[in-house]
Amino acid sequence: FDAQLMSAAESTFAKPAGERGMFDNLVTKELDIAFSTSIAAAEELLSQGEPAKAERAAKVDAAGVEARAKAEAEVAAKEELIAAQKALSEATAQRKGAEKAAKDFGPELAAANKELSAASKELIECEATLATFAELRERTTPPPPPPEPEAPPAEAEEEAAPEEVAMAPAVGDAEAAVAEPVA
């Protein structure tokens, strides 16, 4: 607004409406025109800013939706973190248990290996015995030797007679030795 118009408007509005003159009416009209111009300029400015306002409102709405989605994602991520930390602690406990079991299993494994070695030796011995048994089972009994032809009885007596003769002096010598006293 013009400074002179404002100064004149101040003195015009200080007077009651009935006492105002022509100059005061002219000031009032000029003031109305100035207000109307200012209001029109403001309305035009506001109408030009309406698309930008709508665009900003859409951005605000989109940012709100994004913020809510991010908040939900944060909550889900926190829950996943808690679950992952729990799983990590369980896995760590299982690993420690497995390491202890492996450490404790060393002597047990050595004893089992020792037993395995002894059992393997025993198995080898059993297999050898079994192989021998199988070999003997597969053998057949040899046929009996063919019978010797029987000699005629006369020849058998002749053969027996020289033996009796040879034994006779030995028997006599034994009897003589018994009869003689030993000095």
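Note that this is a predicted model, so its numbers are computed, not measured.

What counts, and at which threshold
Residues numbered from 1 in each chain as written. Predicted model: local features only at pLDDT ≥ 70, side-chain atom pairs only at ≥ 80, totals over all residues. Heavy atoms only, no water. Bend = angle between axes of the 7 residues up to and from the residue. Helix = DSSP H or I, 4+ residues; strand = E, 2+ residues; numbered from the N terminus. Buried < 20%, exposed > 50% of the residue type's maximum accessible area, 1.4 Å probe, protein only. Contact = heavy atoms within 4.5 Å. Salt bridge = Lys/Arg side-chain N within 4 Å of Asp/Glu carboxyl O. Polar contact = N/O pair within 3.5 Å; in protein donor to acceptor, adjacent residues only side chain to side chain. pLDDT = per-residue confidence, 0-100.

Caption draft 1: Geometry of helix H2 (residues 22–138). Helix geometry: H2 is bent most strongly at Glu 50, by close to 40°, with proline Pro 51 lying one to four residues after it. Among all positions in H2, only Asp 24, Val 27, Leu 31, Ala 34 and Gly 64 are buried. Packing partners of the buried residues in H2 comprise helix H1 (3–14).

Caption draft 2: Expanded view of the pattern of salt bridges. Considering all chains together, one arrives at seven salt bridges under this definition. Note that Glu 99 and Arg 95 form a salt bridge whose closest N and O atoms lie 3.9 Å from each other. Taken together, the residues span about one helical turn, with Glu 99 and Arg 95 both in helix H2 at a distance of four residues. Among the residues examined, Arg 95 registers a relative accessible area of 45% and is labelled partly exposed. The closest approach of N and O atoms between Asp 104 and Lys 100, which form a salt bridge, is 2.8 Å. Of this pair, Asp 104 and Lys 100 both sit in helix H2, four residues apart, which is roughly one turn of the helix. Judged by relative accessible area, which is 43%, Asp 104 ranks as partly exposed.

Caption draft 3: Representation of the side chain of Thr 12 within the structure. Topologically, Thr 12 is positioned in helix H1. Here the side chain of Thr 12 touches Ala 8 through a polar contact of 2.9 Å, landing on its backbone oxygen. Discounting residues that sit within four places of it in the chain, Thr 12 has contacts with Arg 20, Asp 24, Val 27 and Thr 28.

Caption draft 4: Here's a closer look at the environment of Arg 20. Tracing the sequence through the fold places Arg 20 in the loop between H1 and H2. By relative accessible area, Arg 20 is classed as partly exposed at 23%. Once you skip the residues sitting within four places of it in the chain, Arg 20 turns out to touch Thr 12, Phe 13 and Lys 15. Of note is the side chain of Arg 20, whose polar atom sits 3.1 Å from the backbone oxygen of Thr 12. Here Lys 15 takes part through its backbone oxygen, which lies 3.3 Å from a polar atom of the side chain of Arg 20.

Caption draft 5: Expanded view of the confidence of the model for the protein chain. Overall, the prediction assigns the protein chain a mean pLDDT of 82, with 82% of residues at 70 or greater. For the protein chain, helix H3 (residues 153–179) is the element with the lowest average pLDDT, namely 50, and H2 is the one with the highest, namely 91. Contacts for the low-pLDDT stretch residues 170–179, under 50 throughout, to residues beyond four places or in other chains number zero contacts.

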